[in-house]
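# Fold and geometry: a report
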Amino acid sequence: MVDKKITLADIFLDILAKSQDKNTKLMAERMKVAIKSPEISELVNVCVTNALGYKTKIKTKTVNDALDGIITFVHSEIDESDMAESDKEKEKSSYQLFAKELGKVLIEYFRKNDQLI
């Protein structure tokens, strides 16, 4: 068995998973699967740390790798959905554009706050 350290992201997702709202619970469970990737986990932890009012550093490459991992994760979920194939491609393209723009915003935010390594 792998000895995984408990992170702020794990605690945050455990709290969300206990919500009475079904959509929040579902989101938390999906995020738990996604943060198995070390890069995604690190990005989520940095964001949670920032939300708590603290600062921590992250590499630009880690942010980009995390976003690529999130895109891949979402694309696989879209592929497994019961959407029409043409709708799947539109949804994947739209999500990819959104994620790339989000990446630019995150990197700029981290840069302005001297959090990039």
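Structure report, in brief. Since the model is a prediction, treat every value here as computed from it, not as a measurement.

### Quick look at the overall build of the chain
Tallying secondary structure elements over the chain gives five helices and zero strands in all. Within the chain, counting contacts between residues at least 6 apart in sequence, those at least 24 apart form 56% of the total. Total accessible area on the chain stands at roughly 8100 Å², and carbon and sulfur atoms take up 58% of it. Within the chain, one finds 19 positive and 20 negative side-chain charges whose respective centroids are separated by 5 Å.

### Describing the nonpolar core
Core analysis: the largest hydrophobic core is formed by 24 residues, its most contacted members being Ile35, Ile40, Leu43, Val44, Ile58, Val63 and Phe110. The greatest single-element share of this core, amounting to seven residues, is contributed by helix H4 (residues 60–80). Ile35 has contacts with Ala9, Asp10, Leu13, Ile40, Ser41 and Val44, leaving out every residue within four places of it along the chain.

### Regarding the pattern of salt bridges
Across all of its chains, the model carries eleven salt bridges by this definition. Lys92 is paired through a salt bridge with Glu89; the nearest N and O atoms lie 3.4 Å apart. Taken together, the residues span about one helical turn, with Lys92 and Glu89 both in helix H5 (residues 85–112) at a distance of three residues. Given the relative accessible area of 44%, Glu89 is considered partly exposed.

### Digging into the packing of helix H3 (residues 38–51) against H4
One way to put it is that H3 packs onto H4 with a least axis distance of 8 Å and a crossing angle of 110 degrees. In terms of orientation, H3 lies roughly perpendicular with respect to H4. For the pair H3 and H4, the sense of crossing is left-handed. Note on element contacts: H4 touches H3 through Thr62, Val63, Asp65, Ala66, Gly69 and Ile70, opposite Glu39, Ile40, Glu42 and Leu43. Here the residues of the contact of H3 with H4 sort into five nonpolar, two polar and three charged.

The rules we used
Residues numbered from 1 in each chain as written. Predicted model: local features only at pLDDT ≥ 70, side-chain atom pairs only at ≥ 80, totals over all residues. Heavy atoms only, no water. Helix = DSSP H or I, 4+ residues; strand = E, 2+ residues; numbered from the N terminus. Contact = heavy atoms within 4.5 Å. Areas by Shrake-Rupley, 256 points an atom, 1.4 Å probe, with all protein chains shown as cover. Lys, Arg positive; Asp, Glu negative; His and termini not counted. Charge placed at Lys NZ, Arg CZ, Asp CG, Glu CD. Core = buried A, V, L, I, M, F, W, Y, C linked by side-chain atoms within 4.5 Å. Buried < 20%, exposed > 50% of the residue type's maximum accessible area, 1.4 Å probe, protein only. Salt bridge = Lys/Arg side-chain N within 4 Å of Asp/Glu carboxyl O. Axes fitted to C-alpha atoms, helices over the stretch in contact; angles between N-to-C directions. Parallel < 35°, antiparallel > 145°, perpendicular 65-115°, else oblique. Left-handed = near helix turned anticlockwise from the far one by under 90°. Nonpolar A, V, L, I, M, F, W, Y, C, P; charged D, E, K, R; others polar.

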